[in-house]
Amino acid sequence: MRRFGAGFELAGPVVLVVLVALFGATVSSSTQTYVITALVNVVIVVALYIFIGNSGVVSFGHVSFVAVGAWTAGILSMPAGEKPAIMPSLAGFLRDTTVGNVPSLALAAAVGCVYALIVGLPLMRLSGLAAGIATFGVLEITHNVLRYWERIGPGLNTFSAVPETTGLLQACVGALVAIAVAFLYQWSRYGRMLRATREDAAAARAVGVSVYVQRLVAFTVSGAVAGLAGGLYVHLLPANAESFYLDLTFITLAMLVIGGVTSLWGAVVGAVAVSAVDSFLAEAENGVNVLGRTLDLPSGTRIVVVGALMALVLILRPSGLTGGRELPVPRALMRSVLTKFSA
Amino acid sequence: MIATFLGADWQTLADAFGLGGIYALMAVGIGLVFGVLRLVNFAYGQLVMAGAYALAFAYERGWPVWIGILLCFAVVVVLSVAMDWLVFRPLRTQTPAVMLVATFAVAFLLQSIALLWFGSLGKIAASLSALNQPWTVGGVDVRKISLVATGVAAGCLVALVLLLGRTNVGLHMRAAALDFRTARLLGVRAHRVIGSAVLISGLLAATVAVLMTVQTPLVTPDFALRDTILVLAGVVLGGMNRLVSATLGGFAIGFASGFLGGALPTDQSQYLPSFLFAAVILVLLIRPAGLFARRGAQAVERV
């Protein structure tokens, strides 16, 4: 019976992502970019959820793992001939190595994972406000270094000429991989132990759970998923250091909070819902036809609406749209399964 | 002597003191609200931004300086109280982490409202630019604003110490900061205490806005955003649980940022944020309760 519930828990987010991707296949190519971006956002928000949702510790630093993932995939998959123009002072090893699409994504995830492990080793001793500020520090340092250190990347330049391989299929597969990782993690004993520390750190310690080790495991896993997201991102849009800074941190945290921090379903719903609102408003900032009337919003409306939504959700419904719960099995379905099992 | 030792001039040192003073005021504004509400206000910088826009508004219309400053104080205080009513009050029962995320959202909201309203190009608030002229003190040229900022910060801090130490409402605020529930049981009025903390922190934000526009007359939607991030780091660095240590932390990070920024050559000072935040992380790891916290103070609150 529990297994059935578990299957449902996985099926909800998977079906939602597949539906979004199928919707993306039917629309025009300009709208399709929004759908692909939404799917990449799902990957980032799921990465945030793996750590924040299960541990209850806020991290403002995950976008830095997205950034190093993007740097890795972007540098390694850019054609060798294009590199000197954009990155004139790149280190020799990075200049001479060029890999394909899939290896670049795997390496992005690996680098994100290792970076999160290195950062997490000292940082996971902190909790509450100190953890919030320290992870913010990680974001600042990563942004600052990537922006100015031209040996390891384009510095202030933009990643142009990276093959644009993140289409609908790749984004959808990426989102499904992220969901699968998050699901496996939260059903493993590590995920359970970490959630125990979230509910009551003292009690979890008393039964032999190390808060530090469990947080570190989740941080590392979520770093890998965030790195993958960075790889997907750089193969989708021309990115630079400013793409992975406060704005992305804010919008992805807003997605997680609006959806519901403590469930995978909440993370995916939040990412899809906020992406939908955000892309609609982005279109509206350029003028869009709604029910026969032209809607033309001034630029900047997007963040006002998303910020207001986030504040409203936090005030009126602090556990998010989904209440922070996984997708419940509908009663009728549950009853029919129960009768089948008892028969 | 310190300045010659480090190879910097007096101007750099005076600037560092001025910036340290401004950051100390912001640290007090954040620390006061944290004391009574246990809430870290990420949106504090946006109060300063609103004040700076008020000054720019007055300057554009050619109004006298004092009207501009009055308008700045009015706008900031109203916004500060409104923030308390609309956001802090409904969130009072949430965990500190949730409240931090909420004020993060409010910060972005206010910033993008400013973007919508005033555009991204920025406005000029230069009514006090006369303060950028140098002043000769003991044979050394120092810009007036550095001394004025240091002086105003010191004055505000002394006034605040007197307010907290010598008045009834100050006593109530200190009691509430120590233990809110017990203070309420002993007859401290919660709303009045919170209201006065929010009010004072608003007044400090307005003061900071006036001082900051002298040095940075161009007011953009992300005005004071970077400073708030640094001050927050400084406040945690010093120790959030006591106002004195929070203030010292704010001053320390402002002084370090101003001094190193002025003394280092550009190719090194571009990495300054990295070094500052690395230092903050290091301090958090070694002394999680803060650099200036009392010995034996508990970092982890036990029920």
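Since this is a predicted model, take the numbers as computed values, not measurements. (Residues numbered from 1 in each chain as written. Chains lettered and ligands numbered in written order. Predicted model: local features only at pLDDT ≥ 70, side-chain atom pairs only at ≥ 80, totals over all residues.)

Enquirer: Go over the overall build of chain A with me, naming the residues and quoting the values.
Expert: Looking only at helices and strands, chain A has 15 helices and two strands in total. Taking the principal axes of the C-alpha coordinates as reference, chain A spans close to 70 × 60 × 40 Å. For chain A, with 343 residues in total, the buried portion stands at 52%. (Helix = DSSP H or I, 4+ residues; strand = E, 2+ residues; numbered from the N terminus. Buried ≥ 20, exposed ≤ 12 C-beta atoms within 10 Å, placed from the backbone.)

Enquirer: I'd like a rundown of the overall build of chain B, residues and numbers included.
Expert: A tally of helices and strands in chain B yields 13 helices and four strands. Taken over C-alpha atoms, the radius of gyration comes to 19 Å for chain B, in line with the 19 Å a tight globule of 303 residues would show. Its C-alpha atoms give chain B principal-axis dimensions of about 55 × 45 × 35 Å. Sorting the 303 residues of chain B into buried and exposed places 51% on the buried side. In chain B, of all internal contacts separated by at least 6 residues, the share reaching a separation of at least 24 is 75%. (Rg over C-alpha atoms; globule rule 2.2 N^0.38 Å. Contact = placed C-beta atoms within 7 Å.)

Enquirer: Account for the nonpolar core, naming residues and giving values.
Expert: Generally speaking, a soluble globular protein has its nonpolar side chains buried in company with each other. Within the largest apolar cluster, 219 residues are counted, with the highest numbers of intra-cluster contacts made by A:L39, A:V42, A:V43, A:V46 and A:V225. Element by element, the count of residues in this core is highest for helix 2 (residues 10-37) of chain B, at 18 residues. Not counting residues up to four positions away in its chain, the partners in contact with A:L39 are A:V17, A:V20, A:A21, A:A171, A:C172, A:G174 and A:A175. (Core = buried A, V, L, I, M, F, W, Y, C linked by C-beta atoms within 7 Å.)

Enquirer: Describe the interface of chain B and chain A, naming the residues involved and giving the relevant values.
Expert: With 36 residues of chain B at the interface, the matching set in chain A holds 33 residues. Looking at the side of chain B that touches chain A, the elements that each hand over two or more residues are helix 5 (96-118), helix 10 (225-238) and helix 13 (272-286) of chain B. In terms of residue count, helix 5 of chain B provides more of the side of chain B that touches chain A than any other element does, 15 residues in total.

Enquirer: Tell me what's going on with the packing of helix 9 (residues 189-199) of chain A against helix 11 (residues 211-234) of chain A, and back it up with residues and numbers.
Expert: Residues and elements named next belong to chain A. Viewed as axis vectors pointing N to C, helix 9 and helix 11 meet at an angle of 120°, and their least axial separation amounts to 9 Å. When the axis of helix 9 is compared with that of helix 11, the two are oblique. The way helix 9 lies across helix 11 gives a crossing that is left-handed. Facing Y190, M193, L194 and T197 of helix 9, the residues of helix 11 in contact are V211, Q214, R215, V217 and A218. Considered class by class, the residues forming the contact of helix 9 with helix 11 number six nonpolar, two polar and one charged. (Axes fitted to C-alpha atoms, helices over the stretch in contact; angles between N-to-C directions. Parallel < 35°, antiparallel > 145°, perpendicular 65-115°, else oblique. Left-handed = near helix turned anticlockwise from the far one by under 90°. Nonpolar A, V, L, I, M, F, W, Y, C, P; charged D, E, K, R; others polar.)

Enquirer: Tell me what's going on with the environment of B:V214, and back it up with residues and numbers.
Expert: All names here are of chain B. Mapping V214 onto the fold places it in helix 9 (residues 190-215). Residue V214 is classed as buried on the basis of its C-beta count, with 23 C-beta atoms lying within 10 Å. With 69 residues separating them along the chain, V214 and I145 place their C-alpha atoms 7.3 Å apart. In contact with V214, not counting residues within four places along its chain, are L128, S129, L131, N132 and I145.

Enquirer: So, the confidence of the model for chain B: which residues are in play, and what are the values?
Expert: Segments scoring low in pLDDT should not have their predicted coordinates read at a detailed level. A residue-level look at chain B finds 93% of positions with pLDDT of 70 or above and a mean pLDDT of 83. Scored below 50 in pLDDT, residues 297-303 of chain B shows four contacts in the model against residues more than four places distant or in partner chains. (pLDDT = per-residue confidence, 0-100.)

Enquirer: Explain the packing of helix 6 (residues 101-123) of chain A against helix 11 of chain A to me, using residue names and the numbers behind them.
Expert: Residues and elements named next belong to chain A. Running from amino to carboxyl end, helix 6 crosses helix 11 at an angle of 145°, the nearest separation of the two axes being 7 Å. Regarding helix 6 and helix 11, the two cross each other, and that crossing is right-handed. Touching S104, L105, A108, A109, V111, G112, C113, Y115, A116, L117, G120 and L121 of helix 6 are L216, F219, T220, S222, G223, A224, A226, G227, L228, G230, G231 and L232, all from helix 11. In the contact of helix 6 with helix 11, the residues fall into 15 nonpolar, nine polar and no charged.

Enquirer: An account of the environment of B:A263 is requested, with residue identities and associated values reported.
Expert: Mapping B:A263 onto the fold places it in helix 11 (residues 243-263). Using a count of 17 C-beta atoms within 10 Å as the deciding quantity, one classes B:A263 as partly exposed.

Enquirer: How would you sum up unusual backbone geometry? Please name residues and give values.
Expert: Even without glycine at this site, A:A161 takes up a positive phi of about 70°. Tracing the chain through its elements places A:A161 in the loop between helix 7 (128-148) and helix 8 (168-187). Of note, the phi angle at B:R38 is positive, near 55°, even though the residue is not glycine. Residue B:R38 is classed as partly exposed on the basis of its 17 C-beta neighbours within 10 Å.

Enquirer: Before we move on, could you go through the environment of B:Q215 and cite the residues and values that matter?
Expert: Residues and elements named next belong to chain B. Here Q215 is to be found in helix 9. Accessibility expressed as a C-beta count within 10 Å gives 18 for Q215, which makes it partly exposed. Between the C-alpha atom of Q215 and that of S129, which follows or precedes it by 86 residues, the distance is 7.9 Å.

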